[in-house]
Amino acid sequence: MRWWKLALFVGAFAVGSTEFIVVGLLPQIAADTGVTEAAAGQLVSVNAVAFAIGAPILAAAFARVDRRRVLIGSLAVFVAAHLMAATAPDFTVLLASRVLTGASFGLYIATALAVAARLAGPANRAAAMATVVSGVTTATALGVPASTLLGQHAGWRVPLAAIAALAVVGLVLVLFTVPTLGADNGPPLRERSTALLARPVLVGLAAVALFWAASFTAYTYLVPMLENRADVHGSLVTVVLFIAGLGAVCGNVLGGRGADRWPRATVLVTAAITTASLFALLPAFRTPVGAIVLVAVWQLAAWSFVPGAQAALYSAGGQAGDLVVSFVVSGFNIGIVVGAGLGGIALDGAGLPGVGFLAAGLAVISLVLVAAMVRMWPATEVGARAETAPAAATPAQSENCTP
């Protein structure tokens with residue numbers, strides 16, 4: 001692995017750890033700040049909304065700033081926000097810190113994906129972008145459980161401070177390993193914004209958001225499904241969640257490599273397997289073995305879809321690729337928020353079966369959109385090794401980049 005990939009991965013791991021860390025620390029935070037657990041749960045929602053809104057807006061605002069400086073700046077703000085959270089005197093300050101963590105998280109991921117795409121060149125674009133996303137998935141699979149365990153023994157403030165320290169490591173790595181890429185000298189922002197109105201981009205963004213909404217409609221309520229339908233309880237629930245996280249990490253790696261070689265097939269097949277998995281959700285969750293196998297297949301396929309979709313939309317954006325990819329990461333996060341919300345409505349109205357049916361229905365619609373997106377790709381497959389390198393950074397240039 002090249003050092004700049006390691007730097008982007010570590011930074012993504014640090015900022016990715018913040019997304020769901022509050023879930024494991026919820027009772028402690030609620031008790032210490034004097035709010036209900038329901039109110040404390042808004043720390044997750046506020047972070048997600050700030051991410052979804054902040055990623056595209058901030059990416060556009062800093063479009064003319066050197067990518068390396070944006071990475072360093074976003075990590076610096078993230079560190080400050082996490083130290084603010086770790087020392088928050090009350091819930092209001094803690095809530096405000098989550099706005100900053102979410103916005104800086106979104107800006108870092110959007111910028112890191114664009115940097116990875118530029119430095120790797122089109123032949124290895126999807127795999128390089130997958131390295132960034134793998135940082136987030138690894139944080140969810142390993143960082144969040146570790147932070148929860150640390151919080152149980154040292155209090156909820158210590159994990160927040162530890163994440164700030166990890167982000168500092170990422171910042172230092174970026175400082176010394178990511179080359180200066182220069183400002184974006186492409187068309188003016190207004191002209192590049194028109195790329196968002198191109199049909200392949202609009203359809204692709206809709207497909208991404210709906211795909212992730214379908215998956216998170218079910219995933220948000222995975223634990224109740226495991227306990228109430230599959231008779232999975234106690235430590236075995238933790239094992240299943242770890243398997244899900246491992247599937248996500250492996251999916252990013254396999255999906256990135258596959259998308260660089262067979263972009264159309266990788267995106268279509270992974271979307272189809274995810275849809276089939278959501279259809280099989282209720283039948284499979286009748287036994288512990290069935291549930292575990294399905295979760296592994298589902299998460300492996302769902303996360304394998306991500307790098308191919310990101311690389312395709314980055315290419316479809318042309319000179320506005322950096323801006324488009326910021327909307328892509330925002331779309332995934334919107335999918336999380338919408339999926340969790342719709343899943344909650346389905347749960348209240350029709351119970352766990354309603355959640356499963358809704359997830360499957362949304363997945364079918366997203367699969368139709370994914371198929372339409374793939375058909376709009378040019379004759380030369382987006383992200384394929386045969387693709388011509390963009391002017392911003394050719395493969396030869398990126399291989400010889402030095403900090």
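Every residue gets a number counted from 1 within its own chain, in the order that chain's sequence is written. The model is predicted, so local features are restricted to residues of pLDDT at least 70 and side-chain atom pairs to those at 80 or more, both for listing and for counting; the totals for chains, interfaces and linings are taken over all residues. Side-chain metrics in this entry use all non-hydrogen atoms of the structure; hydrogen atoms and water are not considered.

**Section: the overall build of the chain**
Right, so step 1: Strands here are runs of E lasting at least two residues and helices are runs of H or I lasting at least four, both read from the DSSP assignment and numbered beginning at the N terminus. Looking only at helices and strands, one finds 17 helices and 0 strands in the chain.
Right, so step 2: Remark: exposure states derive from per-residue accessible area (1.4 Å probe, protein chains only) relative to the maximum for the residue type, with buried under 20%, exposed over 50%, and partly exposed in between. Out of the 403 residues in the chain, the part that is buried amounts to 54%.
Right, so step 3: Taken as a whole, the chain presents about 15,700 Å² of accessible surface, with 70% of it coming from carbon and sulfur. Shrake-Rupley sampling with a 1.4 Å probe provides the accessible areas, and residues are treated as covered by the protein chains on show and by no other component.

**Describing the pattern of salt bridges**
Right, so step 1: For this analysis, a salt bridge means a side-chain nitrogen from Lys or Arg found within 4 Å of a carboxyl oxygen belonging to Asp or Glu. The tally for this structure, following the rule as stated, stands at 1 salt bridge.
Right, so step 2: A salt bridge links Asp32 to Arg157; the shortest N-O distance between them is 3.4 Å. Here Asp32 is found in helix α2 (residues 21-33), whereas its partner Arg157 is found in helix α8 (residues 157-177), with 125 residues between them in sequence.
Right, so step 3: Overall, Arg157 belongs to the partly exposed group, its relative accessible area being 28%.

**Some points on the packing of helix α1 (residues 3-16) against α8**
Right, so step 1: Relative to each other, α1 and α8 sit at 155 degrees, their axes nearing to 8 Å. Between α1 and α8, the angle falls in the class roughly antiparallel. Our pair here, α1 against α8, has a crossing hand that is left-handed. Judged by residue contacts, Trp3, Trp4, Ala7, Val10, Gly11, Phe13 and Ala14 of α1 engage Ile163, Leu166, Ala167, Val169, Gly170, Leu173, Val174 and Thr177 from α8. Axis lines are fitted to C-alpha atoms, over the contacting stretch for helices. Their N-to-C directions set the angle, which ranges from 0 to 180 degrees. Convention used here: angles under 35 degrees read as roughly parallel, angles over 145 as roughly antiparallel, angles from 65 to 115 as roughly perpendicular, and any remaining angle as oblique. Crossing handedness: left-handed means the near helix sits turned counterclockwise from the far one by under a right angle, and right-handed means the same turn made clockwise. A contact between two residues is defined here by any heavy atoms of the two lying within 4.5 Å.

**A look at the side chain of Ser330**
Right, so step 1: With respect to the helices and strands, the residue Ser330 is situated in helix α16 (residues 321-375).
Right, so step 2: Accessibility expressed as a relative area gives 4% for Ser330, which makes it buried.
Right, so step 3: Beyond its immediate sequence surroundings of up to four residues, Ser330 is in contact with Phe51, Ala52, Ala55 and Pro56.

**Thoughts on a nonpolar patch on the surface**
Right, so step 1: Patch membership needs two things, relative accessible area over 30% and no salt bridge, and members are linked within 9 Å if like-charged or within 5 Å if nonpolar (Val, Leu, Ile, Met, Phe, Trp, Tyr). Side chains of Val269, Ile273, Val289, Val293 and Val297 sit close together on the surface and give an oily, nonpolar patch of about 410 Å² of accessible area.
Right, so step 2: Put simply, the parts of the chain that give the nonpolar patch at least two residues each are α13 (263-279) and α15 (288-316).
Right, so step 3: In this structure, Val297 sits in helix α15.

**Thoughts on the packing of aromatic side chains**
To describe a pair of aromatic rings, you give the distance between the ring centres and the angle between the ring planes.
Right, so step 1: Stacked, tilted and edge-to-face are the three classes applied to pairs of Phe, Tyr and Trp rings, where Trp contributes its six-membered ring and a pair requires centres within 6.5 Å; stacked means planes under 30 degrees apart, edge-to-face means over 60, and tilted covers the rest. Tallied over the entire structure, the rule returns 8 aromatic pairs.
Right, so step 2: With a centroid separation of 5.8 Å and an interplanar angle of 15 degrees, the aromatic rings of Phe211 and Trp212 are classed as stacked.
Right, so step 3: The exposure class of Phe211 is buried, given its relative accessible area of 2%.
Right, so step 4: Among the residues examined, Trp212 registers a relative accessible area of 3% and is labelled buried.

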